[in-house]
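Chain by chain, the residues:
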Amino acid sequence: ILCQVTGAQPLPVITWTLDDIELPATKERTSHNNNLTTSELSFTPKIKDKGKVLTCKADNKIFPMVNNSQVLNVYYLPIVHMEISNGVDPSNIREGGELDLKCRIQAHPWVYRILWYRDGEEIVSSENVLIDEQTLRLKNMNKQMSGQYVCSAANVEGDGFSKPLLISVNYKPTCVSPTIKYK
């Protein structure tokens, strides 16, 4: 990021601040017959810097200090966490039971797509699978619904994925007719 100051005598001292905390400049140079002072700041904003004010100040100790400020609008990949919202133990779900999963998303800008996956395959709504934006409701669960569940969210920065959650559906044994083999 560059801050350029023109027409000052004596030459100004340029300082950078982020919410009034001073940042070290990477490089300073003077050119055009000592009429242009340039300060370069190497800065990679973090998510926590969103909304902070980055300021370049020029001061030559004779005239009032001048500054230029910018509120940081930090874009970042969605951060996605999945949680069970109805208090069910994911390793002890009974056949016929119900499970509600919530996709918690932190993103800027906001997401334009939320998808759910089981064992790497996209989940689509059906009679027993209801998808409402950030919520996945599995009703009347059966053993075919067991697997690794993941929520993903996409914004202009890319796709973010939750950690997989292993869901195990417990089901009752079924008796089959005995087979008798004669030798």
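Residues numbered from 1 in each chain as written. Predicted model: local features only at pLDDT ≥ 70, side-chain atom pairs only at ≥ 80, totals over all residues. Heavy atoms only, no water.

Trainee: Hey, could you run me through the state of the cysteines in this one?
Mentor: By definition, a disulfide is the covalent link that joins the sulfur atoms of two cysteine residues. Tallied over the entire structure, the rule returns 2 disulfides. Through a disulfide, C3 is tied to C56; the S-S separation comes to 1.6 Å. The sign of the -70° torsion about the S-S bond sets the C3-C56 disulfide as left-handed. Here C3, found in strand β1 (residues 2-6), pairs with C56, found in strand β6 (residues 53-59); they are 53 residues apart in sequence, far enough to count as distant. Each bonded cysteine in the chain gets a number by its place in the sequence, and the pairs come out as 1-2, 3-4. (Disulfide = S-S within 2.5 Å. Helix = DSSP H or I, 4+ residues; strand = E, 2+ residues; numbered from the N terminus.)

Trainee: Would you mind going over the sheet that holds β1 with me for this structure?
Mentor: Two orientations exist for strands paired in a sheet by backbone hydrogen bonds: parallel and antiparallel. Across the sheet, 3 strands lie side by side as β1-β5-β4; this open sheet has antiparallel pairing. With one partner strand each, in any of the chains shown, β1 and β4 (27-31) form the two edges of the open sheet. Put simply, the sheet's adjacent strands are angled 15° from each other on average, direction ignored. Sheet analysis places β1 next to strand β5 (residues 36-40), joined by 5 bridges and oriented antiparallel. Following the sheet pairing, L2 is matched in β5 by E40. (Pairing = 2+ DSSP bridges. Axes fitted to C-alpha atoms, helices over the stretch in contact; angles between N-to-C directions.)

Trainee: Hey, could you run me through the pairing of strand β15 (residues 147-155) in this one?
Mentor: A regular strand places its side chains so that they alternate between the two faces of the sheet. For β15, the buried fraction is high: 8 of the 9 residues fall into the buried class. With 6 bridges joining them, strand β11 (residues 113-118) and β15 adopt antiparallel strand pairing. The residue bridging I114 from the neighbouring strand is A153, located in β15. Two elements, β15 and strand β17 (residues 165-167), share 3 bridges in a ladder whose sense is antiparallel. When the sheet's bridge partners are listed, G147 is paired in β17 with I167. Count of turn residues in the β15/strand β16 (residues 158-161) antiparallel hairpin: 2 residues. (Buried < 20%, exposed > 50% of the residue type's maximum accessible area, 1.4 Å probe, protein only.)

Trainee: Just checking my understanding: could you explain the pattern of salt bridges for this structure?
Mentor: Should their charged atoms come close, side chains of opposite charge can pair. Inspection of the entire model under this criterion finds 6 salt bridges. With a shortest N-O distance of 3.6 Å, K52 and D49 are connected by a salt bridge. Residue K52 is classed as partly exposed on the basis of its relative accessible area of 25%. Judged by relative accessible area, D49 falls into the buried class, the value being 5%. The structure contains a network of salt bridges with shared partners spanning E98, D100 and R137. (Salt bridge = Lys/Arg side-chain N within 4 Å of Asp/Glu carboxyl O.)

Trainee: Sorry if this is basic, but what is going on with the packing of aromatic side chains here?
Mentor: In the structure shown here, the tally under the stated rule is 0 aromatic pairs. Sitting over the face of the ring of Y171, K143 holds its NZ or CZ atom 4.8 Å from the ring centroid. (Phe/Tyr/Trp six-rings, centres within 6.5 Å; stacked < 30°, edge-to-face > 60°. Lys NZ or Arg CZ within 6 Å of the ring centre and 35° of its normal.)

Trainee: Mind showing me how you'd approach unusual backbone geometry here?
Mentor: Leaving glycine aside, a negative phi is the common case for residues, and trans is the common case for peptide bonds. Following H108, the chain continues into P109 via a peptide bond in cis, with omega recorded as -5°. In this fold, P109 is placed in the loop between β10 (99-108) and β11. For E133, which is not glycine, the phi dihedral falls at a positive 55°. With respect to the helices, strands and loops of the structure, E133 is situated in the loop between β13 (129-132) and β14 (135-138). With phi around 45°, N140 is a residue other than glycine that occupies positive phi space. The residue N140 is located in the loop between β14 and β15 in this model. Taking relative accessible area as the criterion, N140 reaches 47% and is therefore assigned partly exposed.

Trainee: Any chance you could explain a nonpolar patch on the surface here in plain terms?
Mentor: Side chains of Y75, Y112 and V156 sit close together on the surface and give an oily, nonpolar patch of about 360 Å² of accessible area. Its location among the elements puts Y112 in the loop between β10 and β11. (Patch = residues over 30% accessible without salt bridge, like charges linked within 9 Å, V, L, I, M, F, W, Y side chains within 5 Å. Areas by Shrake-Rupley, 256 points an atom, 1.4 Å probe, with all protein chains shown as cover.)

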